[in-house]
Amino acid sequence: MADPDAGLEFKVKPDELDGCGQSAQHIGGLIPGETSKITDPCNQAAGGLKGWLTAGAIQNCGTNWKTLLDKLGTDMSDVGTKLGTSATYYRQAEQNAHNSMRNPNAPASNGPEPDPFDTTVTTGPVKPRSAKAAE
């Protein structure tokens, strides 16, 4: 049976994470200013329905919507911050991997290392062993 995950590919683009994070923070910051516009109309509607049971329900509905949307704004800002932090982490991990591959602390070579296989390097066409043996 073929591996169902064999075709999956995971790529991270830190610049896109940053962009999404900034957008989420921006929108999350705008939400509280907009939610304040919910409660006044609800309170006005409730004021016109004094004595009716729906008055309290309308007022509570507006207040609850404002509370939930304000929380959404906070959550979006938090997620935006985390996306930016993730982008920074990926960039740093990539830089660390790059630096570890360069290994500036590796000892300098004192010339070629001895070849444990006694490899012979030749130039020009190479004859197969069977052809050499026949000569």
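What counts and what doesn't
Residues numbered from 1 in each chain as written. Predicted model: local features only at pLDDT ≥ 70, side-chain atom pairs only at ≥ 80, totals over all residues. Heavy atoms only, no water. Helix = DSSP H or I, 4+ residues; strand = E, 2+ residues; numbered from the N terminus. Buried < 20%, exposed > 50% of the residue type's maximum accessible area, 1.4 Å probe, protein only. Contact = heavy atoms within 4.5 Å. Areas by Shrake-Rupley, 256 points an atom, 1.4 Å probe, with all protein chains shown as cover. Salt bridge = Lys/Arg side-chain N within 4 Å of Asp/Glu carboxyl O. pLDDT = per-residue confidence, 0-100. Axes fitted to C-alpha atoms, helices over the stretch in contact; angles between N-to-C directions. Parallel < 35°, antiparallel > 145°, perpendicular 65-115°, else oblique. Nonpolar A, V, L, I, M, F, W, Y, C, P; charged D, E, K, R; others polar. Phe/Tyr/Trp six-rings, centres within 6.5 Å; stacked < 30°, edge-to-face > 60°. Polar contact = N/O pair within 3.5 Å; in protein donor to acceptor, adjacent residues only side chain to side chain. Expected span 1.5 Å × (residues − 1).

Our focus in this paragraph is the overall build of the protein. On a plain count of helices and strands, the protein comes out with 3 helices and 0 strands. Going from N to C terminus, the protein has its helices and strands arranged as α-α-α. For the protein, the residues scored as buried account for 12% of the 135 residues in total. Counted over contacts in the protein with a minimum sequence separation of 6, partners at least 24 positions apart contribute 80%. For the protein, the accessible surface area stands at approximately 11300 Å², while carbon and sulfur atoms represent 59% of it.

This part covers the pattern of salt bridges. According to the stated counting rule, one finds 6 salt bridges in the structure shown. One salt bridge in this structure joins R91 and D15, with 2.7 Å as the shortest N-O distance. Taken together, the residues R91 in helix α2 (residues 53–102) and D15 in helix α1 (residues 14–47) connect sequence positions 76 residues apart. The class of R91 is partly exposed, set by a relative accessible area of 33%. On the basis of relative accessibility, which here comes to 61%, the residue D15 falls in the exposed class.

Moving on, we come to the confidence of the model for the protein. Across the protein, the average pLDDT comes to 83, with 77% of residues at 70 or higher. Averaged over each element, pLDDT in the protein is lowest for helix α3 (residues 129–134) (55) and highest for α1 (92).

With their axes 7 Å apart at the nearest point, α1 and α2 run at an angle of 170° to one another. With respect to each other, α1 and α2 are oriented roughly antiparallel. Among the residues making up the contact of α1 with α2, the classes are represented as 20 nonpolar, 17 polar and 5 charged.

It is worth spelling out the packing of aromatic side chains at this point. Scanning all chains against the criterion turns up 1 aromatic pair. Here Y89 and Y90 contribute two aromatic rings whose centre-to-centre distance is 5.8 Å and whose plane-to-plane angle is 70°, an arrangement assigned as edge-to-face. Exposure remark for Y89: the relative accessible area of 56% places this residue in the exposed category. Residue Y90 is classed as partly exposed on the basis of its relative accessible area, which comes to 32%.

Now for the side chain of T35. Within the element layout of this structure, T35 appears in helix α1. For T35, a relative accessible area of 2% translates into the label buried. Among the polar contacts listed, one links the side chain of T35 to the backbone oxygen of P32, at a separation of 3.1 Å. If we ignore the near neighbours within four places in the chain, the residues touching T35 are K66, L69 and D70.

Moving on, we get to α1. Between its first and last C-alpha atoms α1 spans 51 Å; for 34 residues at 1.5 Å apiece the expected length is 50 Å, and the two agree. Considered for burial, the residues of α1 that qualify are P14, L17, G21, A24, G28, I31, T35, T39, C42 and A46. Tucked inside the fold, the buried residues of α1 contact α2.

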